Amino acid sequence: MKKPNILLLALIFLLLHVTKVFAQVNKYKHYYTKKEVGSYFVSESDFYWENTIGIFKKNLKTQKNELIKQNFSRHSQRSYFTGMDEEGKLWIQNTSAPKYTIYDGETFRPIDTLKQHLVILPLKKLKLFVIDRNKQKWIIDSLGQLFVFNRKDVKIFKNTGINKIENISSVSIDFKQNLWLSTYKEIYKFDLKFSTLTKIDTDGLFKELGSRISIISHGIDQNDNIWVGIIPKSAIGFYDSKTAKWSKIRFDDNPNFAGVNEIVIDKNDTKWFASSNGILQYNNKDWTFFYNDETSNMASQIKLDEANNAYVSYTLGSVYKFENNTFKSVIPSDNPLESNTISNFFCNNDTLWINASKGLHKFNGKDWVSYDLEKIGNFNYKYVHDFSSSNDGTRWFGTSTGLLKLKNNNWEVFDRNNNGLNNDEINSFIFDNDKNLWIGTREGLFRYNRSFIPERFQLNPNQRHDEYINFVKKDKEGFIWAGKGEYSSLVYKYDALNGKFEFQNQTVIQSQNDIKNNLFFLTNKNILTTSNGVICIPDYKLPTFKNTSFYKMYFDNNTLWILLGNGNIIKSTSEKFEVLKNPIIDNFKEGITCFCVCNSYIYVGSQNGLFEINKTNLEKITLFTNW
């Protein structure tokens, strides 16, 4: 042991600022996503989707999910799937440079300059890009040039006038290979055969529905009729190409129907509408609404596969496949956790005990056992703050509404109703060498003897209001230590001779015992331990950081693991240390709650779910969540 450290006096205010971490060769598999699906695309064999974490691919035959492109941006970096060409390459439009990338099944290749049939295509001055149902690529630049090309040919149309159209809201290519564009007030058709741009007269639409409406989507059927979705009216506009007249289709019997976000027309000329009240379908005879009972029914996008099955995304849900009049989630989760918010977890004999919302879950790396804490005792035992186990297999849980004991699958409750606890909000607890129970609560520190007669300890006798006890711990020599403070804790040691606690001139983030019951404290830049009742520096090798803070620690046998504020992880022993880069923590937008190493894996709990990371190489990452 080294000499005591008495220099750390500053109070720590924890703020987790996650920064960019770049992966070099890692490839992440078996990954489940958050709910905010941005763009998606369905090909003949795969389903692609994008969210704030990155771009994912699901093989529709094997049902295998794979994260194929990580989003390293601190903010959401949206990507829009333009389509798949005749070579099977997926074209993606990005919100930041490079403007376009291509995924060829192996890698993503940025495109700044594209040469096709000896013609340099103006990607840097791009206005529009779309791939049609025949897998031809259409490019329109800011000068009004249109390029239509495939592997065999490229056609160039100059001075189209499309560059002068402002605020384009939707683009489509009809069954006769004509380009259609709509703004909030106008609709245009570019005839590929005659190379002419025509503005459709929309005065009749606004006469039917009012001048304050806006066009947000359109579709062109096989008879060149125009279907438009408008807001804020609960109607669809229809343009008959033969009579050149507009009419309205109103659904007064569906008061929740407030517009159509996307219109798709399949090869059978059936019309599909992604509406605010579910999927609306018109088969040229009957109108039918299809409701999805599993989500909000506010359909935002709709795509069709080769068999005319609809893939629908919802505002407050995931993507569902509509097949044979039934809905099935395309991105299902096999996660047994009833909540994505992981409150806490603890590792005991290679078993992870996980607290998520009202439940407690036991996971050995393969099998799950779940306990509904609401059914135990008289209260809702929602949050588990502390955990302890005995040699006889007894498990103890300090919760927000009492102390729970689990032995041989039988639960016993200790709270103010049946055992005289002064406060049920248990943040931390220990049993000392004399079998007394020490409990740290939101309103003070208490010691109970075997008869549950309480004794209260005031860490600071001059403090008038209740003391928030963050932790109470016992070190290897039997000394009792307590921490006061909700986020960072002032450290106190119990003086058994005088029967009171003494301040140790230290402020720490976390306290934890290792496998040999040595007690350790984590500060924002260092780690401390105790020896003979004195705080000192242990023999662990640690790097020095200027702008990065320590956040969480965990002991895995003789190895110390520390989670840093920038998402990296320190792996340390008494002989050496490594700084491991973890490129996924940057995407825990709602915050990290807990961290441990258990059963050959690193576990990180967050408000987005439970992340399991292979501790050997950090390559395999599994996210347990219910989005």
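Scope of this entry: the structure provided in the associated data block. (Residues numbered from 1 in each chain as written. Predicted model: local features only at pLDDT ≥ 70, side-chain atom pairs only at ≥ 80, totals over all residues. Heavy atoms only, no water.)

Here's the deal with the state of the cysteines
A covalent bond bridging the sulfur atoms of two cysteines is what the word disulfide describes.
Moving on, step 1. Counted by the stated rule, this structure contains one disulfide.
Moving on, step 2. Each sulfur in the disulfide pair cysteine 347 and cysteine 598 lies 2.1 Å from the other. On the sign convention where negative is left-handed, the bridge of cysteine 347 and cysteine 598, at about 70 degrees about the S-S bond, is right-handed. One end of the pair, cysteine 347, is in strand β31 (residues 342–348); the other, cysteine 598, is in strand β55 (residues 592–598), and 251 residues separate them in sequence. (Disulfide = S-S within 2.5 Å. Helix = DSSP H or I, 4+ residues; strand = E, 2+ residues; numbered from the N terminus.)

Some details on the pattern of salt bridges
Moving on, step 1. Throughout the structure, instances matching the rule amount to 16 salt bridges.
Moving on, step 2. Between arginine 151 and glutamate 86 there is a salt bridge; the shortest N-O distance is 3.9 Å. One end of the pair, arginine 151, is in the loop between β13 (146–149) and β14 (154–157); the other, glutamate 86, is in the loop between β5 (79–84) and β6 (90–94), with 65 residues separating them in the sequence.
Moving on, step 3. Between glutamate 455 and arginine 447 there is a salt bridge; the shortest N-O distance is 2.6 Å.
Moving on, step 4. On the accessibility criterion, glutamate 455 (35% relative accessible area) is partly exposed. (Salt bridge = Lys/Arg side-chain N within 4 Å of Asp/Glu carboxyl O. Buried < 20%, exposed > 50% of the residue type's maximum accessible area, 1.4 Å probe, protein only.)

Looking at the sheet that holds strand β25 (residues 278–282)
Moving on, step 1. Reading across the sheet, the four strands line up as β23-β24-β25-β26 and stay open at both edges, with antiparallel pairing between neighbours. The open sheet terminates on both sides in strands that have one partner only, identified here as β23 (260–265) and β26 (287–290). The mean angle between the axes of side-by-side strands here comes to 20 degrees, regardless of whether they run parallel or antiparallel.
Moving on, step 2. In this structure, β25 lies alongside β26, joined through four bridges in antiparallel fashion. Directly across from leucine 280, in β26, lies its bridge partner phenylalanine 289. (Pairing = 2+ DSSP bridges. Axes fitted to C-alpha atoms, helices over the stretch in contact; angles between N-to-C directions.)

Some points on the pairing of strand β34 (residues 368–372)
Moving on, step 1. The pairing of strand β33 (residues 359–363) with β34 spans five bridges and is antiparallel. The residue of β34 that forms the bridge with histidine 361 is serine 370.
Moving on, step 2. Joining the antiparallel neighbours β33 and β34 is a turn of four residues, in which glycine 365 adopts a positive phi near 95 degrees.

Looking at the side chain of histidine 361
Moving on, step 1. Position of histidine 361 relative to the elements: it lies in strand β33.
Moving on, step 2. The class of histidine 361 is buried, set by a relative accessible area of 3%.

Considering the sheet that holds β5
Moving on, step 1. Spatial ordering of the open sheet is given by β5-β6-β7-β8, a layout of four strands whose pairing is antiparallel. At either margin of the open sheet sits one strand with a lone partner, and together these are β5 and β8 (108–111). Across the sheet, the axes of successive neighbouring strands diverge by a mean angle of 30 degrees, strand direction being ignored.
Moving on, step 2. As paired strands, β5 and β6 are joined by five bridges and run antiparallel to one another.

Here's the deal with the environment of asparagine 614
Moving on, step 1. Tracing the backbone through its elements, the reader meets asparagine 614 in strand β57 (residues 609–614).
Moving on, step 2. Along the primary structure asparagine 614 and isoleucine 602 are separated by twelve residues, whereas in three dimensions their C-alpha atoms are 6.2 Å apart.
Moving on, step 3. In this structure the side chain of asparagine 614 is engaged in a polar contact, spanning 2.8 Å, whose partner is the backbone nitrogen of threonine 616. (Polar contact = N/O pair within 3.5 Å; in protein donor to acceptor, adjacent residues only side chain to side chain.)

A closer look at the nonpolar core
Side chains of nonpolar character tend, in soluble globular proteins, to be buried together.
Moving on, step 1. Within the largest apolar cluster, 30 residues are counted, with the highest numbers of intra-cluster contacts made by Phe345, Ile602, Tyr603 and Leu610.
Moving on, step 2. Taken together, the elements giving at least two residues each to this core come down to β31, β32 (351–356), β51 (550–556), β52 (559–564), β55, β56 (601–606), β57 and β58 (621–624).
Moving on, step 3. Considering every element that reaches this core, the biggest residue donor is β55, with six residues.
Moving on, step 4. Not counting residues within four places of it along the chain, the set of residues in contact with phenylalanine 345 comprises Leu352, Trp353, Ile354, Cys594, Phe595, Cys596, Tyr603, Val604, Gly605 and Leu610. (Core = buried A, V, L, I, M, F, W, Y, C linked by side-chain atoms within 4.5 Å. Contact = heavy atoms within 4.5 Å.)

A closer look at the packing of aromatic side chains
Moving on, step 1. For the coordinates displayed, the defined rule picks out 50 aromatic pairs.
Moving on, step 2. With a centroid separation of 4.3 Å and 15 degrees between ring planes, the pair formed by tyrosine 282 and tryptophan 287 is classed as stacked.
Moving on, step 3. We classify tyrosine 282 as buried; its relative accessible area is 16%.
Moving on, step 4. Each ring, one from phenylalanine 322 and one from phenylalanine 327, has its centre 4.8 Å from the other, and the planes form 45 degrees; the classification is tilted.
Moving on, step 5. Owing to a relative accessible area of 5%, phenylalanine 322 belongs among the buried residues under this scheme.
Moving on, step 6. Take phenylalanine 327: its relative accessible area is 16%, and that puts it in the buried class.
Moving on, step 7. An aromatic cluster is present here, built from Phe346, Trp353, Tyr371, Phe387, Phe397 and Trp411 joined pairwise through their rings.
Moving on, step 8. The aromatic ring of tyrosine 40 is capped on one face by lysine 303, whose charged end is 5.9 Å from the ring centroid.
Moving on, step 9. Against the face of tyrosine 551 rests lysine 552, its NZ or CZ located 5.5 Å from the ring centre. (Phe/Tyr/Trp six-rings, centres within 6.5 Å; stacked < 30°, edge-to-face > 60°. Lys NZ or Arg CZ within 6 Å of the ring centre and 35° of its normal.)

Points about unusual backbone geometry
Moving on, step 1. Looking along the chain, the bond that leaves isoleucine 231 and enters proline 232 is cis, with omega of 0 degrees.
Moving on, step 2. Mapped onto the secondary structure, proline 232 falls in the loop between β20 (226–231) and β21 (235–240).
Moving on, step 3. One non-glycine residue, asparagine 408, lies in positive phi territory at about 55 degrees.

Brief notes about the environment of glycine 359
Moving on, step 1. Take glycine 359: it is sitting in strand β33.
Moving on, step 2. Residue class for glycine 359 comes out buried when judged on its relative accessible area of 3%.
Moving on, step 3. Spatially, the C-alpha atom of glycine 359 lies 8.3 Å from that of serine 339, the residues being 20 residues apart in sequence.
Moving on, step 4. Leaving out residues up to four positions away in the same chain, glycine 359 has contacts with Glu338, Ile354, Tyr371 and Leu373.

Some words on the side chain of glutamine 510
Moving on, step 1. Here glutamine 510 lies in strand β47 (residues 510–513).
Moving on, step 2. The exposure class assigned to glutamine 510 is buried, which follows from its relative accessible area of 15%.
Moving on, step 3. Separated by 2.9 Å, the side chain of glutamine 510 and the backbone nitrogen of methionine 553 make a polar contact.
Moving on, step 4. Non-local contacts of glutamine 510, meaning those with residues more than four positions away in its chain, are made with Phe520, Phe521, Leu522, Tyr551, Lys552 and Met553.

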